[in-house]
Amino acid sequence: MDPEGKQVVSKGVYVFIFNSQNAFLMGLREGSPGAGTWGLPGADLEALETPVDCAKDGVEAETGLTITLPKILTYINDIFQKDKAHYSHFLAACAADQTPVLMDPDTCKEWKWFSLDEVRKIFKAQDAAERKGTIAKYTRNKLFLPAMALFGRNPKFDPHEAYKLALETGTTDFEVSLKQRSSSPPLFS
């Protein structure tokens with residue numbers, strides 16, 4: 001909500017940062033929104049800022065890591081009625097074998113490297129608790145809402161494979177989608 005009480009869309013970039021073991025960095029969120037859940041580092045997109053610049057600046061501000069050549073992998077747009085939240089974010093990826101630093105302990109309690117299998121297990125357990133209606137009593141690791149939505153809608157999504165494809169071909173699923181849309185006939189003539 002903005003100061004006037006209007007619903008706002010959270011716009012920004014989340015970044016999969018891979019280490020040499022193909023694990024990616026997640027932070028235990030502190031404060032609102034998503035306190036107590038694991039989420040990707042990132043930042044809100046500012047006016048006139050590119051998603052790539054947002055990824056670089058956000059990662060450095062949150063983790064102290066300097067990244068180069070982040071690739072935009074895809075885009076997510078999620079509306080969570082129950083939580084009255086709307087997230088509209090680019091997902092980017094890059095590699096960095098540096099040690100992250102807690103730059104703002106008011107927003108992130110710790111940084112941890114996760115394998116994709118670990119995150120999928122967290123997703124499955126959390127999803128099961130939500131479906132059973134026992135999430136309020138669930139005390140194990142939880143994922144931030146956008147990560148839950150990403151892995152829920154795309155259970156086979158492999159961010160490392162998408163990143164490798166982007167590096168090898170110079171094209172991402174997001175760019176292919178934009179090209180297909182731009183080559184489509186106009187809706188109205």
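The rules behind each value
- Residues numbered from 1 in each chain as written.
- Predicted model: local features only at pLDDT ≥ 70, side-chain atom pairs only at ≥ 80, totals over all residues.
- Heavy atoms only, no water.
- Helix = DSSP H or I, 4+ residues; strand = E, 2+ residues; numbered from the N terminus.
- Contact = heavy atoms within 4.5 Å.
- Areas by Shrake-Rupley, 256 points an atom, 1.4 Å probe, with all protein chains shown as cover.
- Phe/Tyr/Trp six-rings, centres within 6.5 Å; stacked < 30°, edge-to-face > 60°.
- Buried < 20%, exposed > 50% of the residue type's maximum accessible area, 1.4 Å probe, protein only.
- Expected span 1.5 Å × (residues − 1).
- Arc of directions from axis to C-beta.
- Core = buried A, V, L, I, M, F, W, Y, C linked by side-chain atoms within 4.5 Å.
- Polar contact = N/O pair within 3.5 Å; in protein donor to acceptor, adjacent residues only side chain to side chain.

As recorded by an unreviewed UniProt entry, the protein chain carries the name NUDIX hydrolase domain-like protein and is attributed to Aspergillus bertholletiae.

Looking now at the overall build of the protein chain. Helix and strand content of the protein chain: 5 helices and 7 strands. Reading the protein chain from its N terminus to its C terminus gives the helix and strand order β-β-β-β-α-β-β-β-α-α-α-α. Look at the contacts in the protein chain between residues 6 or more apart in sequence, and 65% of them connect residues 24 or more apart. Total accessible area computed for the protein chain in this model is approximately 11300 Å², and 53% of it derives from carbon and sulfur atoms.

As a further point, take the packing of aromatic side chains. A complete count under the given rule lists 10 aromatic pairs for this structure. Between Tyr14 and Phe144, the ring centres sit 6.4 Å apart and the planes meet at 85°, which makes this aromatic pair edge-to-face. Of this pair, Tyr14 sits in strand E1 (residues 10-18) while Phe144 is found in the loop between helix H2 (116-132) and helix H3 (145-153), placing the two residues 130 residues apart along the sequence. With relative accessibility at 9%, the residue Tyr14 sits in the buried group. Of the residues examined, Phe144 reaches a relative accessible area of 4% and is grouped as buried.

Let us look at helix H1 (residues 51-63). For H1, with 13 residues, the first-to-last C-alpha span of 18 Å sits near the 18 Å given by 1.5 Å per residue. Of all the positions in H1, only Pro51, Cys54, Ala55, Gly58, Val59 and Thr63 are classed as buried. Projected down its long axis, H1 shows its buried positions confined to an angular sector of 120°, all on one face. Buried residues along H1 sit against E1, strand E2 (24-29), strand E4 (42-44), strand E5 (71-80), strand E6 (85-95) and strand E7 (108-114).

Of all hydrophobic cores here, the largest spans 47 residues; its most connected members are Val15, Phe16 and Leu143. Among the elements that take part in this core, E6 stands out by supplying 7 residues, more than any other. The contacts of Phe16, once residues within four sequence positions are left out, are Phe24, Leu40, Leu73, Leu91, Ala92, Ala93, Cys94, Leu150, Phe151, Phe157 and Pro159.

Quick look at helix H4 (residues 159-169) now. Because each turn of an α-helix spans 3.6 residues, side chains separated by three or four positions end up pointing in the same direction. Among all positions of H4, only Pro159, His160, Ala162, Tyr163 and Ala166 are buried. The buried residues of H4 all sit within an arc of 160° when viewed along its axis, so they share a single face. Summarising the contacts, the buried residues of H4 are in contact with E1, E2, E5, E6 and H2. Among the residues of H4, the N-terminal cap falls to Asp158, whose side-chain oxygen and the backbone nitrogen of His160 are separated by 3.0 Å. Two residues or fewer past H4, Gly170 is found with a positive phi of approximately 80°.

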